[in-house]
Amino acid sequence: MGIKIGILGLGTVGAGTVQLLLDNVGRHPLLKEVEICRVGVKSLDKPRTVELPVGIITTDLEAIVTDPQIDIIVELIGGIDRARELILKAIANGKHVVTANKAVISRFGAEIFTAANQAGVYVMLEAAVGGGIPVIQPLKQSLSVNRINTVMGIVNGTTNYILTRMQTEGSSFDDVLADAQQLGYAEADPTADVEGWDAADKIAILASLAFGGRINRDEVFSEGIRQVSKTDISYADKLGFVIKLLAIAKRCSPVSPSSTPTLSVRVHPTFVPKTHPLASINGVYNAILVEGEPLGQVMFFGPGAGAGATASAVSSDILNLVAHLKSRQNSDTNSHLDPLLACSHQDYCQIAPVSELEARFYARFLTRDQSGVIGKLGTCFGKYGVSLESVVQTGFQGELAEIVVVTHDVQEGKFKQALDEIRTFEAIHSIPSLLRVI
Ligand code: NDP
Ligand code: HSE
């Protein structure tokens, strides 16, 4: 029996999710179990980028969250009040929920998760922080055996894009913002992003998971990037820093068996040393650094927004719920293992022989200092179809001249054939280095 889902919203993330779920070949086999029953939108007249059978799209979102056939509701309409209302109604009707809505979860998480626990359903939110970056599930599972001391990151792509351009171009905040809006990187109303509110929603969620307690969103300090000037960025650069909008949650009290920790949770523009792992996260990318005991530091990096990336995170939550529902459906048979924990592979993959692979190569030759050696190398590479990106004579090692070659993409077998012939040249002393170039 398939798992029926209802999707609320067919905008950037909704359409990306539908597209991913319909185009399921080569993805986890359980995605084939997903059946999109209804999709809720505001307007039926809008042109859509995904094709769905007639009758699936509706403006009656109440009918979706109360539909007795539907197992999972995927909330992708954004906003706060209507989203909260629909999520709570879905839970009251016994549906599991997947949402990308950090604004609603950071403000109404307590109400929503209490209702979900009472109803015996799950609310999943991988896409709410870091777009496509898997960080919620790792914090809930793989990292949760650690005592987390710090979670900090760049969790807003719009502001990181603006700060990166201010830094690389020496432009002002207003100029870059206007350009970012024109290019579609910043929303028409960028307030939540530039004031740090979006990042504050996200760090509230991360802190709650990392430190095992609820976070009152109103207590999260946030300062945006409007006041960051190109002069500050230039001084930061001279002093060995970059300015980043960091979202930070830190433990302030010692670990105690009897009380939840005291935390510092905040968002503000920050001088980050150029050597810090977060300093090189540029453009619309996000990264989250988690520091715990005994693990030490791990960093999650990737696209923090966008249709495909966010759809990946939404669909991973759907997959987890499908696995849960399928293992319950199968609980009275002997195939009751959790399909995400059990190995389901049966067939071997074909591994292409390395000689057939295409790659770029770096080779260093030591040659006798004779005329025409570079020409001979070039002719021989040409004979085997090896195209050279660069050839440099770098100097001498004693009596021997050193020549370095970098190729374009070439079949490894052909490159090796050329080298075999080159080794026979009287002028070639040796080929001490041969490395692949990514
Ligand atoms: P969009 O504005 O692109 O899409 C919203 C969709 O919801 C539209 O299809 C719209 O219908 C529908 N909708 C909105 N309000 C209502 C309503 N009251 N009743 C019925 N339908 C409604 O939003 P996004 O896809 O960008 O974002 C969705 C969620 O994902 C948000 O919570 C956002 O914060 C989150 N998110 C977004 C990311 C991104 O890259 N965009 C990244 C990570 C999270 P219609 O099409 O008819 O207008
Ligand atoms: N506005 C958000 C950002 C989208 O710029 O990161 C992803 O949540």
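Residues numbered from 1 in each chain as written. Chains lettered and ligands numbered in written order. Predicted model: local features only at pLDDT ≥ 70, side-chain atom pairs only at ≥ 80, totals over all residues. Heavy atoms only, no water.

Caption draft 1: Region of the structure containing the pattern of salt bridges. Evaluation of the coordinates by the stated rule reveals 22 salt bridges. Between Arg165 and Asp179 there is a salt bridge whose closest N-O contact spans 2.7 Å. Residue Arg165 is located in helix α6 (residues 157-169), and its partner Asp179 is located in helix α7 (residues 173-183); the two are separated by 14 residues in the primary sequence. Exposure remark for Asp179: the relative accessible area of 26% places this residue in the partly exposed category. A salt bridge links Asp420 to Arg423; the shortest N-O distance between them is 3.2 Å. Of this pair, Asp420 and Arg423 are both found in helix α13 (residues 412-423), three residues apart, which corresponds to roughly one turn of the helix. (Salt bridge = Lys/Arg side-chain N within 4 Å of Asp/Glu carboxyl O. Helix = DSSP H or I, 4+ residues; strand = E, 2+ residues; numbered from the N terminus. Buried < 20%, exposed > 50% of the residue type's maximum accessible area, 1.4 Å probe, protein only.)

Caption draft 2: Looking closely at the packing of helix α1 (residues 12-22) against helix α11 (residues 307-329). The interhelical angle for the contact between α1 and α11, taken along N-to-C directions, is 65 degrees, at an axis separation of 8 Å. Seen from above, α1 lies across α11 with right-handed handedness. Counting all contacts with α1, which are made through Thr12, Val13, Gly16, Thr17, Leu20 and Leu21, the residues of α11 involved are Ala307, Thr310, Ala311, Ser312, Val314, Ser315 and Ile318. Across the contact of α1 with α11, the residue classes break down as seven nonpolar, six polar and no charged. (Axes fitted to C-alpha atoms, helices over the stretch in contact; angles between N-to-C directions. Left-handed = near helix turned anticlockwise from the far one by under 90°. Contact = heavy atoms within 4.5 Å. Nonpolar A, V, L, I, M, F, W, Y, C, P; charged D, E, K, R; others polar.)

Caption draft 3: Representation of the site of ligand 2 in the model. Surrounding ligand 2, one finds Lys102, Asn156, Gly157, Thr158, Asp193, Asp198, Lys202, Gly304 and Ala305. Gly157 is positioned such that a nitrogen or oxygen atom in its backbone is 2.7 Å from an oxygen atom of ligand 2. Between a nitrogen atom of ligand 2 and a side-chain N or O atom of Asp193, the distance comes to 3.0 Å. Relative to its unbound accessible area of 260 Å², ligand 2 is 84% covered by the protein chains. Going through the elements one at a time, α6 and α9 (197-211) are the ones with two or more residues in the shell around ligand 2. Taken together, the residues that form the shell around ligand 2 break down as one nonpolar, four polar and four charged. (Near = heavy atom within 4 Å. Polar contact = N/O pair within 3.5 Å; in protein donor to acceptor, adjacent residues only side chain to side chain. Areas by Shrake-Rupley, 256 points an atom, 1.4 Å probe, with all protein chains shown as cover.)

Caption draft 4: Representation of the nonpolar core in the model. Ranked by internal contacts, the top residues of the largest apolar core, which has 64 residues, are Val151, Ile203 and Leu206. For this core, the leading source of residues is α9, giving nine residues. Residue assignment places this core across two domains, with domain 1 (3-132 + 307-329) and domain 2 (136-301) each supplying three or more. Counting 33 residues, the second-largest nonpolar core is a separate cluster that includes Ile5, Ile7, Leu321 and Val322. (Core = buried A, V, L, I, M, F, W, Y, C linked by side-chain atoms within 4.5 Å. Domains from an automatic or database assignment.)

Caption draft 5: Representation of the state of the cysteines. Following the criterion strictly, the structure yields zero disulfides and no others. Among the cysteines around Cys343, which has no disulfide bond, Cys349 carries the closest sulfur, lying 11 Å off. Residue Cys343 is classed as exposed on the basis of its relative accessible area of 63%. (Disulfide = S-S within 2.5 Å.)

Caption draft 6: Inspection of the packing of aromatic side chains at higher detail. As enumerated under the stated definition, the model contains six aromatic pairs in all. Aromatic side chains Tyr161 and Tyr185 sit 4.5 Å apart centroid to centroid with 35 degrees between the ring planes, which places their arrangement in the tilted category. Linking Tyr161 in helix α6 with Tyr185 in the loop between α7 and α8 (191-194), this pair joins segments that are 24 residues apart in sequence. Arranged with centres 4.4 Å apart and planes meeting at 15 degrees, the rings of Phe361 and Phe415 form a pair that is stacked. With a gap of 54 residues between them, Phe361 in strand β13 (residues 358-368) and Phe415 in helix α13 connect regions that are remote in the sequence. Take Phe361: its relative accessible area is 2%, and that puts it in the buried class. Given the relative accessible area of 0%, Phe415 is considered buried. (Phe/Tyr/Trp six-rings, centres within 6.5 Å; stacked < 30°, edge-to-face > 60°.)

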